[in-house]
Amino acid sequence: MRTPRPLSRGAAALLAVALAACGPGSGAEGAGDDGAGDPYFPKAGNGGYDVTHYDLVLAYEPAGRRLTGTATIDARVTEDLTALNLDLQGLDVDAVTVDGARARFGREGQELTVRPRRALDRDAHVRVVVRYSGRPRTVTDPDGSQEGWLRTADGALALGQPVGSMAWFPGNHHPSDKAAYTLSVTVPEGLRAVSNGEPAGEETRGGRTTYRWHTPEPMASYLVTVAIGRYDVHRGETAGGLPLFTAVDPEQAAASRATVKLLPEVVEWAERRFGPYPFSSAGAVVERPGDAGYALETQNRPVFPGAPDTALLVHEIAHQWYGDSVTPRTWRDMWLNEGFATYAQWLWEEDHGGGSAQHTFDRLYAGSYFPDAGTNAALWSFAPADPPDAAHISATPVYWRGAMVLHMVRRTAGDEAFGRLLRGWAATYRHANASTDDFTAYVEKTVPGKDFSGVWEEWLYGEGRPATAS
């Protein structure tokens, strides 16, 4: 588009209001792409910039379910731009500034298109500030599960996988763009707001309490959480001095006591298996069973709907390495999250007197692992590295056949080399993004002289049940 001529302050304000109501969402010449090119969520994320830091200042009123927010987004421009897109579903945008100057903006679907007064040059650093408000939505995923902003019995819970974070703050909502985060959440006095990272202070004034959190390590937006409600807070540390922060709904306190006690042991075991813990603290948020339909590996503080059993706790803690630190490049690479976390459960059982990983693998291959024939058959419905559509990125083959791929890698490489591979993969792509192609190339480079072609062809990409389990 053409760069607009300078306007008076009053005229600029009037024009911004008009464009907010009816301006087009994207597609102008010089605008960044209105999607990151994901094969399953083509509108998720945006092109033309890379976010380095989000500063989110939020206030929430549970009674009216109203959220007000100011998002300050610091980014590096990666191509010359006359406009850029942010993902935001629902909510009302009240004002936008770019580098302190009021900017025009338009809405179209989930796209918030921002048009600064001056073009943005490649490699420039830009600050976009969005003021917004309204009732944040609950998003229904293609597989029918719910995410976004979930209303709970005593507050709210924000869960973002795969695209729900756009329901409560504007941003570049694709896992390929990770950033640091600072959050400030104000809630009625008596409630608590828990998020990722480290507590950065709290203050009560006029019947409202503000909680501040900071996450210095890069984080994908789908891993950001805010949990608002009444919680029993537990602080501790592992034997190695890693801080632990756990928030438990009081109704789940008794059932969660064993979980809180086991957490340091699980983290320490995972460090021995996978290498140094990738974040500055660990912990958990335990909600009531009805508050969410699933657990999620929200960064350094996974969320559980009710007290988790040991296997689920191990799964979500393993995700801190595989999924949170090493994050998938696209949603097609989801098995790199779930296959690794599922295999971690097998390793825990193997290391703690349970069945071997080989025994679990054999039962899955034989069709006797799951209690129902339908789930056993579903294991072979598609290749873990190639889900047929967005509704299947969290389906059985991604988790369980993904873990079987890793077991075949282990059998081909040998136990000692496989152990080095697990730790090396987490170290090589620490705080970065990785694809399936990155993984296969890494395995072949790390374990030279072994032939993995059959593993990739039959187990990772092959259709149906391989003819043999060898």
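Now for a quick tour of the structure.

**So, the side chain of Asp87**
Inference 1: Here Asp87 lies in strand E3 (residues 84-87).
Inference 2: Reaching out from Asp87, the side chain makes a polar contact with the backbone nitrogen of Gly45 at a distance of 2.9 Å.
Inference 3: Not counting chain neighbours up to four residues away, the residues in contact with Asp87 comprise Lys43, Ala44, Gly45, Asn46, Gln110, Glu111, Met166, Phe169, Pro170, Gly171, Asn172 and His173.

**What to know about the pattern of salt bridges**
Inference 1: Across all of its chains, the model carries 16 salt bridges by this definition.
Inference 2: In this structure, the salt-bridge partner of Glu350 is Arg410, at a minimum N-O distance of 2.9 Å. Here the residue Glu350 occupies a position in helix H4 (residues 335-351), and Arg410 occupies one in helix H7 (residues 396-413), the gap between them amounting to 60 residues.
Inference 3: With its nearest N and O atoms 3.3 Å apart, the salt bridge here joins Arg420 to Glu416. With Arg420 and Glu416 both in helix H8 (residues 415-428), this residue pair falls four residues apart, about one helical turn.
Inference 4: On the basis of relative accessibility, which here comes to 63%, the residue Glu416 falls in the exposed class.
Inference 5: Connected through salt bridges with shared partners, the residues Asp154, Asp249, Glu251 and Arg288 form a single ionic network.

**Side note on the packing of aromatic side chains**
Inference 1: Taken as a whole and judged by the stated rule, the model has 32 aromatic pairs.
Inference 2: Here the aromatic rings of Trp149 and Trp168 are separated by 5.9 Å at their centres, their planes lie at 55°, and the arrangement is tilted. Here Trp168 lies in the loop between strand E11 (156-159) and strand E12 (179-188) and Trp149 lies in strand E10 (residues 146-151), a separation of 19 residues in the sequence.
Inference 3: In this structure Trp149 comes out as buried when scored by relative accessible area, which is 4%.
Inference 4: By relative accessible area, Trp168 is classed as buried at 0%.
Inference 5: It is Arg411 that lies over the ring of Phe361; its NZ or CZ is 5.4 Å from the centre.
Inference 6: Against the face of Tyr365 rests Arg465, its NZ or CZ located 3.8 Å from the ring centre.

**Some words on the environment of Arg288**
Inference 1: Along the chain, Arg288 turns up in the loop between strand E19 (282-287) and strand E20 (303-305).
Inference 2: As for Arg288 and Thr152, which are separated by 136 residues in sequence, their C-alpha atoms are 8.4 Å apart.
Inference 3: Looking at Arg288, its side chain comes within polar contact range of the side chain of Glu251, at 3.4 Å.

**With respect to the sheet that holds strand E13 (residues 192-195)**
Inference 1: An order of E9-E10-E11-E16-E13 is seen for the five strands of this open sheet, with the pairing classed as antiparallel. At either end of the open sheet lies a strand with only one pairing partner, and these are strand E9 (138-140) and E13. Across this sheet, the average inter-strand angle for adjacent strands is 20°, counted without regard to direction.
Inference 2: Of the pairings in the sheet, the one linking E13 to strand E16 (residues 226-229) comprises four bridges and is antiparallel in character. Residue pairing in the sheet places Arg192 in a bridge with Gly229 of E16.

**Remarks on the environment of Pro388**
Inference 1: Here Pro388 is to be found in the loop between helix H6 (373-378) and H7.
Inference 2: Separated by 348 residues in sequence, Pro388 and Tyr40 place their C-alpha atoms 9.1 Å apart.
Inference 3: In this structure Pro388 touches Tyr40 and Phe382, once residues within four positions along its chain are discounted.

**Quick look at the packing of H4 against H7**
Inference 1: The interhelical angle for the contact between H4 and H7, taken along N-to-C directions, is 65°, at an axis separation of 7 Å. The angle between H4 and H7 places the two elements in the roughly perpendicular class. In this structure, H4 meets H7 at a crossing whose hand is right-handed. Touching Trp335, Glu338, Gly339, Phe340, Thr342, Tyr343, Trp346, Leu347 and Glu350 of H4 are Val398, Tyr399, Trp400, Gly402, Ala403, Met404, Val405, Leu406, His407 and Arg410, all from H7.

**Focus: a positive patch on the surface**
Inference 1: Where like charges cluster on the molecular surface, the positive patch consists of Arg102, Arg117, Arg118 and Arg131.
Inference 2: Tracing the backbone through its elements, the reader meets Arg117 in the loop between strand E7 (111-115) and strand E8 (125-134).

**So, H4**
Inference 1: Taking 1.5 Å of rise per residue, 17 residues should cover 24 Å, and H4 covers 23 Å from first to last C-alpha, within 8% of that figure.
Inference 2: Of all the 17 residues making up H4, 14 are buried; the element is thus mostly covered by neighbouring parts of the structure.

**Some details on the packing of helix H2 (residues 253-274) against H4**
Inference 1: Where H2 meets H4, the axes come as close as 12 Å, and the angle between the chain directions of the two elements is 100°. It follows that H2 is roughly perpendicular to H4 by the angle criterion. Here Glu265, Val266, Trp269, Arg273 and Phe274 of H2 lie close against H4, whose contacting residues are Ala344, Leu347, Trp348, Glu350 and Asp351.
Inference 2: Here the contact of H2 with H4 is composed, by residue class, of six nonpolar, no polar and four charged.

**Section: the nonpolar core**
Inference 1: Formed by 139 residues in total, the largest nonpolar core has its most connected members in Trp168, Phe274, Trp425 and Phe439.
Inference 2: In this view, Phe439 contacts Trp335, Leu336, Phe340, Leu406, Leu421, Trp425 and Trp456; residues no more than four positions away in its chain are not counted.

About the cut-offs
Residues numbered from 1 in each chain as written. Predicted model: local features only at pLDDT ≥ 70, side-chain atom pairs only at ≥ 80, totals over all residues. Heavy atoms only, no water. Helix = DSSP H or I, 4+ residues; strand = E, 2+ residues; numbered from the N terminus. Polar contact = N/O pair within 3.5 Å; in protein donor to acceptor, adjacent residues only side chain to side chain. Contact = heavy atoms within 4.5 Å. Salt bridge = Lys/Arg side-chain N within 4 Å of Asp/Glu carboxyl O. Buried < 20%, exposed > 50% of the residue type's maximum accessible area, 1.4 Å probe, protein only. Phe/Tyr/Trp six-rings, centres within 6.5 Å; stacked < 30°, edge-to-face > 60°. Lys NZ or Arg CZ within 6 Å of the ring centre and 35° of its normal. Pairing = 2+ DSSP bridges. Axes fitted to C-alpha atoms, helices over the stretch in contact; angles between N-to-C directions. Parallel < 35°, antiparallel > 145°, perpendicular 65-115°, else oblique. Left-handed = near helix turned anticlockwise from the far one by under 90°. Patch = residues over 30% accessible without salt bridge, like charges linked within 9 Å, V, L, I, M, F, W, Y side chains within 5 Å. Areas by Shrake-Rupley, 256 points an atom, 1.4 Å probe, with all protein chains shown as cover. Lys, Arg positive; Asp, Glu negative; His and termini not counted. Charge placed at Lys NZ, Arg CZ, Asp CG, Glu CD. Expected span 1.5 Å × (residues − 1). Nonpolar A, V, L, I, M, F, W, Y, C, P; charged D, E, K, R; others polar. Core = buried A, V, L, I, M, F, W, Y, C linked by side-chain atoms within 4.5 Å.

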